[in-house]
Amino acid sequence: MSNLPISGAEAVIRSLLAENVTTIFGYPGGAIMPIYDALYDFKEDVNHILVRHEQGAIHAAQGFARACGKTGVVFATSGPGATNLITGLADALIDSTPVVCITGQVASHLLGTDAFQETDVIGISMPVTKWNIQVTKAADIPAALARAFYIASTGRPGPVLVDITKDAQFGKLDFYYEKCSSVRSYVPHPKTDFALLEKAVELINQAERPYLLIGQGILLAEAENELLAFVEKSGIPVASTLLGLGAFPADHPKYVGYLGMHGNYAPNILTNECDVLIAIGMRFDDRVTGDVSRYAKQATIIHIDIDKAELNKIVKTDLAIHADAKEALHFMSNLILQKSHENWLQAFRKLEQEEVHEVILDAVNPKGHELKMSEVVHLISETTKGDAIIVTDVGQHQMITSRYFKYQLPNSNITSGGLGTMGFALPAAIGAKLGMPQKEVIAIIGDGGFQMTIQELGTILQAEIAVKIVILNNNFLGMVRQWQQLFFDKRYSFTDIKNPNFLKIAEGYSIKGHKVTQRDELKDGVNTLLASKESYLLEVMVEQEENVFPMLPTGASVSEIILSERHGANV
């Protein structure tokens, strides 16, 4: 690039163009106004999405990144604009989502004076970012942004925040941009110890009951094909974490289900019966392990992860391998023996049938007159044949969707996993649709979470984004209510929620929709939703006290998972 005397604000926009950024989510304000003024001249090059709240901006950027694999970009002003990003930054950090947030800041001579809309966003965001920096000189902007994009997108991805003072935005510089390819002391791609992988293969080849647990690391490494080849050769049963759903086809004969507190029965129970446990690209979250002191104590544990800090952090392993999942799986596939493990697989299928008869049959084809969340999700799954991006909020509907939507494709499950952020789904679905406009994007949301970011319907209106919205309305904060029912003697303390007329609100934003209250209306409702070429809202009134089972109570071992409310009467 030639040297051009330009403002720091223009340097921000030109730096983003050099990183091939085409979409920005943001909300203008005083301290970032110079950058917005510079953006005015680049409206043909960059699609800026005006959100209705900065939390909506970062969740949209997360949805964009998770759907298409590119780094999401956010603009926000200083003070409350910047602090409104914190929840999304925390969410993106724990769920390994690459996002670059650019915040305006008061002029450098005012830093520390409690100037209007000044906050120490660097100090506030430090615990919830992979890296952050404050830029006070225009000349430092290109290098800071180059480093930000490199750090956000490499290794274990995560959010980065670049805070730019107003005088740096107004200042002049001779612009030159060079993409960052290394940072001293930061090693995003580990040097693989192939001897350790050979040892892992030796242990797996000797195993009679090997068991493979996969997480989002498979998706982030784009290792889906390598995983498929490894499983089909080794014959090992494979189960997925919440964020790993979609990394392996749900209809594959070696897939045994979804792990965790509300996961499938067999994959949880048999964790404590395998002889070799192989975990790849997952972090042994407490919702997966239950009581760690009683987790897979009989097994030889192999853990492969790109983030060295995750190795031996929660579960002590016999073989901890710091490696990229794609590289590790490719190497191991060449050495693994061809096996079927049919007898071991049948143990999963036997327990699976127990769950089918005890839970699933009634969930997808209920006999009662009230609609269930599970049957709605099952119908959406069957109607789309799994070919849709599903964005969920947090709560019962999230767990039910994870159980009853059959994910077939990578990056088709977008949800708030580690942080569990209510209000995530609506803006994240906006971002996902912009990232993958050719895909059907369906946001499945509870009535509580929907109201946390309901204002982003305005973003859909203005940007004309064809997001399909399904509200599963039970007039409760359902997940908390379930716990109150089972563990707090049905003392429903402030979990019943009086809701507005969602259809009239949607109508106010020029979004069509309708409400389903009867089972015989459901199929037509789903078909109408999916047939719409524009955004559409389908509200489904569901059973108020529907519970999600199986369920792993807090402090229990994975082998103590409750199959149903009847089975858990004494727990």
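No experiment lies behind these values; they were computed from the predicted model shown.

(A) Highlighting the sheet that holds strand S17 (residues 441–446). Sheet architecture is open: six strands sit in the order S16-S15-S17-S18-S20-S19, paired in parallel fashion. In the strand order of this sheet, the two ends are held by strand S16 (413–414) and strand S19 (512–516), each with one partner. Strand contacts of helix H16 (residues 373–384): S17, strand S18 (468–473) and strand S20 (536–541), with the helix running at about 155 degrees to S18, the strand carrying the most contacts.

(B) Highlighting unusual backbone geometry. Here the amide bond leading from phenylalanine 549 into proline 550 is cis, since omega sits at 0 degrees, within 30 degrees of zero. By the secondary structure assignment, proline 550 is in the segment after S20. Backbone geometry at serine 510 places phi at a positive 60 degrees, although glycine is not the residue there. Note on placement: serine 510 falls in the loop between helix H22 (502–508) and S19.

(C) Local environment of the domain arrangement of the protein. The assigned domain composition of the protein is domain 1 (5–174), domain 2 (194–347) and domain 3 (365–551). Computed over C-alpha atoms, the centres of domain 1 and domain 2 are 37 Å apart. For domain 1, the biggest contributors to the area lost against domain 2 are Arg66, Asp95 and Arg156; these three give 63% of the whole. At the junction of domain 1 with domain 2, the criterion picks out two salt bridges. Note that glutamate 310 is salt-bridged to arginine 156, the shortest N-O span being 2.8 Å. Run the count over domain 1 and domain 2 and you get four residue pairs in polar contact (both at pLDDT 80 or more). Each residue belonging to the side of domain 1 that touches domain 2 can be placed in one class, and the counts come to two nonpolar, two polar and three charged.

(D) Representation of the sheet that holds strand S14 (residues 319–322) in the model. Read across the sheet, six strands follow the order S11-S10-S9-S12-S13-S14 without closing on themselves; strand pairing throughout is parallel. Every other strand in the sheet has two partners, leaving strand S11 (255–258) and S14 as the edge strands with one partner each. Across the sheet, the axes of successive neighbouring strands diverge by a mean angle of 15 degrees, strand direction being ignored. Where strand S9 (residues 210–214) lies against strand S10 (residues 238–240), three bridges are found, and the strand directions are parallel. The partner of leucine 212 across the bridge, within S10, is valine 238. In this fold helix H9 (residues 194–206) packs onto strand S12 (276–280), strand S13 (300–305) and S14, with an angle of close to 140 degrees to the strand it touches most, S14.

(E) Layout of the pairing of strand S2 (residues 23–26). Residue alternation in S2 divides its side chains into two sets, Thr23 and Phe25 and Ile24 and Gly26, and both sets are buried. Pairing of S2 with strand S3 (residues 47–50), which is carried by four bridges, proceeds in the parallel orientation. Residue glycine 26 lies in a different strand from S3, and its bridge partner there is leucine 50. Chirality of the crossover, the property in question, places the unit of S2, helix H2 (residues 33–39) and S3 among those that are right-handed. Bridge count for S2 against strand S4 (residues 72–76) is two bridges, and the pairing is parallel. The residue bridging glycine 26 from the neighbouring strand is phenylalanine 75, located in S4.

Rules used throughout
Residues numbered from 1 in each chain as written. Predicted model: local features only at pLDDT ≥ 70, side-chain atom pairs only at ≥ 80, totals over all residues. Heavy atoms only, no water. Pairing = 2+ DSSP bridges. Helix = DSSP H or I, 4+ residues; strand = E, 2+ residues; numbered from the N terminus. Contact = heavy atoms within 4.5 Å. Axes fitted to C-alpha atoms, helices over the stretch in contact; angles between N-to-C directions. Domains from an automatic or database assignment. Buried area = accessible area lost by both parts, 1.4 Å probe. Salt bridge = Lys/Arg side-chain N within 4 Å of Asp/Glu carboxyl O. Polar contact = N/O pair within 3.5 Å; in protein donor to acceptor, adjacent residues only side chain to side chain. Nonpolar A, V, L, I, M, F, W, Y, C, P; charged D, E, K, R; others polar. Buried < 20%, exposed > 50% of the residue type's maximum accessible area, 1.4 Å probe, protein only. Right-handed = clockwise from strand over helix to strand, strands pointing away.

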